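As a plain string of letters, each chain reads:
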Amino acid sequence: MPIQPDELKKHVVRYEYWLPRCRSRVDALKRRKPKQAKLRYFTLSGGDPLDVIMLAVDKLLPNDGESGFQSVCFFDRHGYNPAETGAKIPGAVPFPGSFIDTMLWEENPEPAEGTSANNDYQALRNTMLMVRQYAPFDVVNFDLEEVLFTSEEEPPGKLLRALKKLFEIQRDGFSTMAAQEFSLMMTVRLPEHGAIHPEALALVRSVLDANIRKFPELHSLFTWNDAPWSRAFELAIPKIILEQLHATGWTISGASGIQEVTRERQNGGPQAEQLYHIIVDVVRRHDTEKEAEAAYRKLMHDLFRSSAHHITDDSIAQEVRMNLKRVHVARDKLSARLPRW
Amino acid sequence: MAQRIKVHEKALAHLSKGLYRSPASALRELVSNAWDAGATRVEISTFAPTFTRLVVRDNGAGFDKQDFVKLMETGIGNSTKRLADGSNHGRPIIGRLGIGLLGVAQICTRFQIISRRNNGEIFAAEVRIEDFLRRRLDIQDPTIVPQHSGNEVFIGEWDFIPVPKIDNDWVGTQVIVTTPLASFSESFIKTLRPTREGRDTQEEEMGARVDDEALPSRDDVLAAMPPLDWQRLLDLAADKESVMMRGDYWRFLWELAATCPLPYMSAKAVPDGLVRGDQKRLEGYQFALIVDNRELRKPVFLPPRDKGYSTQAFSRDIVVEGRQLKFHGYMAVQEGNQLKPAELRGLMIRIKEVGVGYYDPTLLDWQVNQGPRSRWITGEIFVEEGLEDAMNVDRDSFNRYHPEFKALQREVHRELKKLFSQVYLRIGERSTKSADERSQQRREVLLEVAKGTADGPVKLIVERKAESNETQPQFAKQLANYWALDVSSASTLPTKKVNRDLAASVLAIYDLCMLRYKHSKVRREKFQEALLELLREW
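Residues numbered from 1 in each chain as written. Chains lettered and ligands numbered in written order. Predicted model: local features only at pLDDT ≥ 70, side-chain atom pairs only at ≥ 80, totals over all residues. Heavy atoms only, no water.

J.: Explain the sheet that holds strand 16 (residues 458-461) of chain B to me, using residue names and the numbers behind them.
T.: Residues and elements named next belong to chain B. Read across the open sheet, the three strands follow the order 16-18-17; overall the sheet is mixed. In this open sheet, the two strands that pair with only one neighbour each are strand 16 and strand 17 (476-478). The average undirected angle you get between the axes of adjacent strands in this sheet is 20 degrees. Note that strand 17 and strand 18 (residues 483-486) share three bridges and pair antiparallel. The residue of strand 18 that forms the bridge with K477 is A484. Helix 11 (residues 403-454) rests against strand 16 and strand 18 of the sheet, and its axis sits at about 145 degrees to strand 16. (Pairing = 2+ DSSP bridges. Helix = DSSP H or I, 4+ residues; strand = E, 2+ residues; numbered from the N terminus. Axes fitted to C-alpha atoms, helices over the stretch in contact; angles between N-to-C directions. Contact = heavy atoms within 4.5 Å.)

Quick look at the structure:
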């Protein structure tokens, strides 16, 4: 079957952004522990874990016949049974249920014992305990492909709250370790301007206005009247994520900066979906206010001066196609290891 | 006129909570259901290593909403599978009572079931089993044993639930346990013991179990996970005295593999082609069991060894009290070495391809005490006809006084007797051979030592006809061109049999020193030197 253009575009993100980021993360781990370096990789899979297989093809994730992809932990992106995905990456640690519901487990009171609701509650609790047990992760691939702000919920919506919880878990997991850093790769859908809760729209506006007020020199780089909605979104999202990171003791590393990528995807509807990817390295927050301020200024300036790389059909390199074929071959080989009578 | 006797449903209700002795036994029943439904593939996902959920999914015939309602309304334990022709897709039918589904109640208090027939409508339901069921049955709790309901007992309740997203072309049955009992999940995690080199501890070797409250660390759990490759897993299991020493999860995999109707790793898993025919038959069923991404096979693997195995194949087709009892099987003995893991020692009885309980180390109550030799033996008995009535409801044990079991026992014991006669013969032959080899080696040692002591040619006499006037044997003599060491009378020396060769050799070098050297001090030095060398090499 020929590879679909949308799949190729997604693979550009995997190959040109995620792969180098993971490679440098592995290099950093090897510098610290030359022999024991194992990339602890957390991902949300949609049933076809090509990101994991790509990293294994590039030998960034260990995958031997004995223990398989033991350093990978994953949720099914849609909250379904992840056993199907698990069959494609044997040995990986599966977490059942929905990632967001699991992260937000503590927000709800415990339902009465003996009810279905209580059973679900206990299941989420158990999963949460296990996520904590398996954290921290060197790479968090938050490949959720959900809309960050919906028209129904006020910000911060479920997704942002879940993300914040994950950052807390990361912080707690890293607390006893010397090097406290990880790479965050996030994919969300760009909401249409009209399909966003007014409060969320206000939030986007306020973070951008706050930046411009704080750094007036940025004003020439962005004005509400001239810029398309997508540009506002691209500028606001890193700031919104940064707020969640700051609230949990993290920040974005200035050294590797913020990478933003956008692409379109056909969903059968009249208009293509807009997908937004952000790739950053996350480090513990700077010790002094002055350092933090300087780092923040640099980040915001870099962000306003650059723009997201938009992937089009024409910009797909042959190398990406070749790599995707290799990844497909590896996937099919893994799937074929068990009988399918 | 004689009156008929009734059985109250309470009896069956009791079974729903206390039927199976391990999670593997309980899930074996779901696997058997899938087998009977013509599945070619059953996948069990325990979500290892977190054990946060349990999913059993098959691609069998499935059932529809009406079947499910009927099952729930007419009562579990009312199987009609056997009303057909007794076989299904060329396989023997395993299920009999229709309580296999209840097996899952051993590890949870509620579960979901999703099923679809070919071209049928998919449905999903949640089944909830009452808490503390047995205690409440005992006290006639009116919520489960209503006064007005005659014999009926309500062990739980069920509801249809929305169908989760599932492949459109999937047909079969799926059982999902979203919250396994803590005792199940925690035990699997807490008893996992690291398997990698350098991580074993003396405590582990002694079979100590971990019961700490705290969960082990992620790295320890991952290091203790069984390998994905089944052959490698079997090799590691055989490294230890018992699979149990690796933890409950290893044991769970091992037990499932041992009892489900699965093929061997290969027809050579057991020596002398003993399971060649069985392997062909089992592979012919095309039935695969996948647990956490590993395809399970029978955990029987007797690797080739220099000494080989004593083996015995057998088959019988007899009539017991008017009913046919037909079985075949094999036994293999690994003389001189205990079989590992211990779970493989003994005999496994399989009825309609499904193992009943564990390997029986008592060899079906064989009264002949074989001591440590009983740890050398493994075997399987495939029962093709009969014996089902002798099986207890748990399908894990037998009524050992049932006539069919007694008949099987008698025949198997006959075979055991034959096998062990063969074993003893082989042991005897091997002992004689190794004693001869040892004797020969020691003679060579004596000759070398004597050559050094005599400083000249030496010949060894090991066999000679005693002369009639010989009173006390002379162990060394000087002949024309050489020294003769005569140990032919060793067997007559008045000491323990095991010491005679050594005593004769010591006397031989003593006599040699006495004859070869005149000066008493030199004699002593030479003798001491020769004696110590002899003992060093003995």
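Here the narrative resumes, following the displayed structure.
J.: Go over the interface of chain A and chain B with me, naming the residues and quoting the values.
T.: The partner chain B presents 41 residues to the 39 residues of chain A that form the contact. Summed over the shared surface of chain A and chain B, the number is two salt bridges. For E66 of chain A, the salt bridge is made with R232 of chain B, and the minimal N-O distance between the two is 3.1 Å. Summed over the shared surface of chain A and chain B, the number is 10 residue pairs in polar contact (both at pLDDT 80 or more). When contributions to the side of chain A that touches chain B are tallied by element, the ones reaching two or more residues are helix 3 (83-88), strand 3 (93-95) and helix 5 (116-134) of chain A. Considering each element in turn, the side of chain A that touches chain B owes the most residues, nine residues, to helix 5 of chain A. Its residues placed into classes, the side of chain A that touches chain B shows 18 nonpolar, 16 polar and five charged. (Salt bridge = Lys/Arg side-chain N within 4 Å of Asp/Glu carboxyl O. Polar contact = N/O pair within 3.5 Å; in protein donor to acceptor, adjacent residues only side chain to side chain. Nonpolar A, V, L, I, M, F, W, Y, C, P; charged D, E, K, R; others polar.)

J.: A description of the packing of aromatic side chains should follow, citing residues and the corresponding values.
T.: Aromatic ring pairs: the centre-centre distance and the angle between the two ring planes describe each pair. Evaluation of the coordinates by the stated rule reveals 35 aromatic pairs over all chains. Arranged with centres 6.1 Å apart and planes meeting at 65 degrees, the rings of F42 of chain A and F75 of chain A form a pair that is edge-to-face. In this pair, F42 of chain A is assigned in strand 1 (residues 41-45) and F75 of chain A in strand 2 (residues 72-76), connecting sequence segments 33 residues apart. One aromatic cluster in this structure is built from F42, F75, F95, F99, Y134, F137 and F142 of chain A. Here the basic side chain of R246 of chain B rests over the ring of W250 of chain B, its NZ or CZ set 5.1 Å away from the ring centre. (Phe/Tyr/Trp six-rings, centres within 6.5 Å; stacked < 30°, edge-to-face > 60°. Lys NZ or Arg CZ within 6 Å of the ring centre and 35° of its normal.)

J.: Outline the nonpolar core, supporting the account with residue identities and numerical values.
T.: Formed by 147 residues in total, the largest nonpolar core has its most connected members in F42, F99 and F142 of chain A together with I44 of chain B. Contact partners of F42 of chain A, with chain neighbours within four places excluded, come to C73, F75, F95, F99, F137, V139, V140, N141 and L166 of chain A. Counting 36 residues, the second-largest nonpolar core is a separate cluster that includes Y17, L19, A56 and I89 of chain A. (Core = buried A, V, L, I, M, F, W, Y, C linked by side-chain atoms within 4.5 Å. Buried < 20%, exposed > 50% of the residue type's maximum accessible area, 1.4 Å probe, protein only.)

J.: Would you mind going over the pairing of strand 2 of chain A in detail, with residue names and values included?
T.: Residues and elements named next belong to chain A. With five of its five residues buried, strand 2 lies for the most part within the structure. Of the two faces of strand 2, both are covered, the one formed by V72, F74 and D76 as well as the one formed by C73 and F75. Pairing analysis gives five bridges linking strand 1 to strand 2, with the strands arranged parallel. Residue pairing across strands places S45 opposite D76, the latter belonging to strand 2. Regarding the hand of the β-α-β motif, the stretch spanning strand 1, helix 2 (residues 50-57) and strand 2 is right-handed. When strand 2 meets strand 3, the two strands line up parallel, connected through three bridges. Looking across to strand 3, one finds that F75 is bridged to F95. (Right-handed = clockwise from strand over helix to strand, strands pointing away.)

J.: How would you summarise the sheet that holds strand 9 (residues 288-291) of chain B if you had to cite specific residues and measurements?
T.: Residues and elements named next belong to chain B. Strand order across the open sheet formed by eight strands is 7-6-5-8-2-1-9-10, with mixed pairing between neighbours. The two strands at the open ends of the sheet, each matched to only one other strand, are strand 7 (156-160) and strand 10 (294-295). Direction of pairing for strand 1 (residues 41-45) relative to strand 9: parallel, over a ladder of four bridges. Note on strand 9: the bridge partner recorded for I44 is V291.

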